[in-house]
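The residues making up each chain are set out below.
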Amino acid sequence: MIRCVMAAFLLLTVINASQAQVPKSSLLWEISGNGLAQPSYLFGTFHLMCKTDFSISEILESKLKATSQFYGELKMDDPQLQMKLMGKMSMNGKTLQSLLNENDFAAVSAKFQSLTGYPLLAFNNFKPFLSMSMLTLKSLTCAETVQPETEFVGLAKKWNLPILGLETVDDQMNAIDKEPIDSQIISFKKTILNFDSVKTVMQQMSDVYRLRDVDSLYSFMKQMGVDDNFETAMLTNRNEKWAPLIKEIITQKPSFFAVGAGHLGGPNGVIYLLRKQGYRLTPVKY
């Protein structure tokens, strides 16, 4: 009798210890159930980080290795990717200089060069998104940065996994272009002229990301004033396209998906949409 009670106690202890290892949230989620023979995995990335703030753990690598293919937002190993992106960023006759008045262009140009070391005229024929990307590189205070997606691509190559994308360059640029060019110019000007505030927000967002809680990250984005139009174009619409595609992919092969963490949480996030399709999404400690 005592032996049985002790065995039950030990079993309960093991169960409780196991449950304690399951986090309430994570950036890494296992996709299972709904008839899947093997689980797939979904990971939320932060597109640019200080190298000291991101590394791929053994658990994270093992989950990638256990699958048959890797998916990013884009097909990251496409040798033409950079050229395709640059081609889609041309403003076809319009320029930053023509869209900003003379005084604004002089002020913005001077601040841009002081921040990046490049003259704004070098980006004059391209959509503000390209110049904003240059500013993002300068928003981190660390000497060495890392792009998590690139790290995953390197590992996928190491394990000979096919590298694929959930959308095309056209899809991504069409989402960006949902914001009118005049509005993009205003955002660009505000970002440059208030760059200290932008750096602070980026640091705060990095801090929230390190909590590894997708809902906290989504809440932070909303608190920072992400408007409904931006959320619809850049997050919701893309999530709604990705969810049925992910369903089709994981039905055929166990797969590892790495997309921006902002796509995972919230009432229209990929996690919710996959659960709505009948899948079990379980946070994984890594």
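Each value, and the rule that gives it
Every chain is numbered independently, its residues counted from 1 as its sequence is written. Totals for whole chains, interfaces and linings use all residues, but because this is a predicted model, local features are given only for residues with pLDDT of at least 70 and pairs of side-chain atoms are given and counted only at 80 or more. Only heavy atoms go into the side-chain values, all of them from the structure, while hydrogens and water stay out. Orientation is described by axes fitted as lines to C-alpha atoms, over the contacting stretch for helices, and by angles from 0 to 180 degrees between their N-to-C directions. Helix and strand assignments come from DSSP, with helices taken as H or I runs of at least 4 residues and strands as E runs of at least 2, each series counted from the N terminus. Here the angle decides the label: under 35 degrees means roughly parallel, over 145 means roughly antiparallel, 65 to 115 means roughly perpendicular, and every other value means oblique. Throughout, a crossing is termed right-handed when the near helix is turned clockwise from the far one, and left-handed when it is turned anticlockwise from it by less than a right angle. Contacts were defined at the residue level, with two residues in contact if any of their heavy atoms lie within 4.5 Å. Each residue gets one label: Ala, Val, Leu, Ile, Met, Phe, Trp, Tyr, Cys and Pro are nonpolar, Asp, Glu, Lys and Arg are charged, and the others, such as Gly, are polar. Definitions used for this entry: grid spacing 1 Å over protein atoms alone; cavity, a set of points where a 1.4 Å probe fits but cannot get out; pocket, an open set with protein on both sides within 12 Å along at least 5 of 7 lines; lining residue, one with an atom within 4 Å of a point. Grid points are joined across faces, edges and corners, and a volume is the space filled by probe spheres set on the points. Remark: exposure states derive from per-residue accessible area (1.4 Å probe, protein chains only) relative to the maximum for the residue type, with buried under 20%, exposed over 50%, and partly exposed in between. By this definition, two strands are paired if DSSP reports at least two bridges between them. Any Lys or Arg side-chain nitrogen found within 4 Å of a carboxyl oxygen on Asp or Glu counts as a salt bridge. Two aromatic rings, drawn from Phe, Tyr or Trp (for Trp, its six-membered ring), form a pair once their centres lie within 6.5 Å of each other, and the interplanar angle then sorts them: stacked below 30 degrees, edge-to-face above 60, tilted otherwise. Charge over a ring is defined by NZ of Lys or CZ of Arg lying within 6 Å of the ring centre and within 35 degrees of the ring normal.

Asks: What is the right way to look at the packing of helix H5 (residues 102-116) against helix H9 (residues 181-193) in this model?
Replies: What describes two packed helices is the angle between their axes and the distance between those same axes. Interaxial distance between H5 and H9 falls to 9 Å at its minimum, and their mutual angle equals 55°. For the element pair H5 / H9, the angle class is oblique. Here H5 and H9 pass one another in a crossing that is left-handed. Packed against H5, whose contacting residues are Asp104, Ala107, Val108, Lys111, Phe112 and Leu115, the element H9 presents Phe188, Lys189, Ile192 and Leu193 at the interface. Its residues placed into classes, the contact of H5 with H9 shows 7 nonpolar, no polar and 3 charged.

Asks: Mind showing me how you'd approach empty space enclosed by the protein here?
Replies: Taking a probe equal in size to a water molecule and rolling it over the atoms shows the remaining empty space. Enumeration according to the criterion identifies 2 cavities of 30 Å³ or more in this entry. The space that makes up the largest cavity amounts to roughly 40 Å³. If you trace the largest cavity, you find it lined by Tyr218, Glu231, Leu235, Thr236, Asn239, Gly262, His263, Gly265, Asn268 and Gly269. The leading source of residues in the lining of the largest cavity is helix H12 (residues 228-252), at 4 residues. Across the lining of the largest cavity, the residue classes break down as 2 nonpolar, 7 polar and 1 charged. Elements with a minimum of two residues in the lining of the second largest cavity: strand S3 (49-50) and helix H10 (195-209). When the residues that make up the lining of the second largest cavity are grouped by side-chain class, the tally is 3 nonpolar, 2 polar and 2 charged.

Asks: Would you mind going over the packing of helix H8 (residues 169-176) against H12 with me for this structure?
Replies: Between H8 and H12, the least distance of the axes is 9 Å, while the angle of their chain directions is 135°. By the criterion of interaxial angle, the relationship of H8 to H12 is oblique. Where H8 abuts H12, its residues Gln172, Ala175 and Ile176 lie against Ala233, Met234 and Arg238.

Asks: When you look at the pairing of strand S1 (residues 28-32) in this model, what are you seeing that I'm missing?
Replies: Consecutive side chains of a regular strand alternate in pointing toward one face of the sheet and then the other. Along S1, 4 of the 5 residues are buried, which leaves the element largely enclosed by surrounding structure. The pairing of S1 with strand S2 (residues 40-45) spans 4 bridges and is classified as antiparallel. Its bridge partner being in S2, Glu30 is matched across the sheet by Tyr41.

Asks: Looking at this model, I keep getting lost on the pattern of salt bridges. Mind explaining?
Replies: Applying the stated criterion to the full structure yields 13 salt bridges. Close ionic contact of Asp53 with Arg210 constitutes a salt bridge, the shortest N to O distance being 3.0 Å. With Asp53 in the loop between S3 and helix H2 (58-65) and Arg210 in the loop between H10 and helix H11 (214-223), this pair connects stretches of sequence that are 157 residues apart. We note a salt bridge from Asp207 to Arg210, for which the minimum N-O separation is 2.3 Å.

Asks: Just checking my understanding: could you explain the packing of aromatic side chains for this structure?
Replies: Centre distance and the angle of the planes are the two values used to describe a pair of aromatic rings. Summed over all chains, the structure comprises 11 aromatic pairs. Measuring from ring centre to ring centre gives 5.6 Å for Phe112 and Phe123, while their planes differ by 70°; the resulting arrangement is edge-to-face. A residue pair is termed long-range when its members are at least 10 positions apart, and Phe112 in helix H5 and Phe123 in the loop between H5 and helix H6 (128-138) qualify at 11 residues. Each of the two residues, Phe112 as well as Phe123, counts as buried. Taken together, the ring pairs in this structure connect Phe43, Phe54, Phe70, Phe152, Phe256 and Tyr286 into an aromatic cluster. Directly above the ring of Tyr286 sits Arg212, whose terminal nitrogen or CZ lies 3.9 Å from the centroid.

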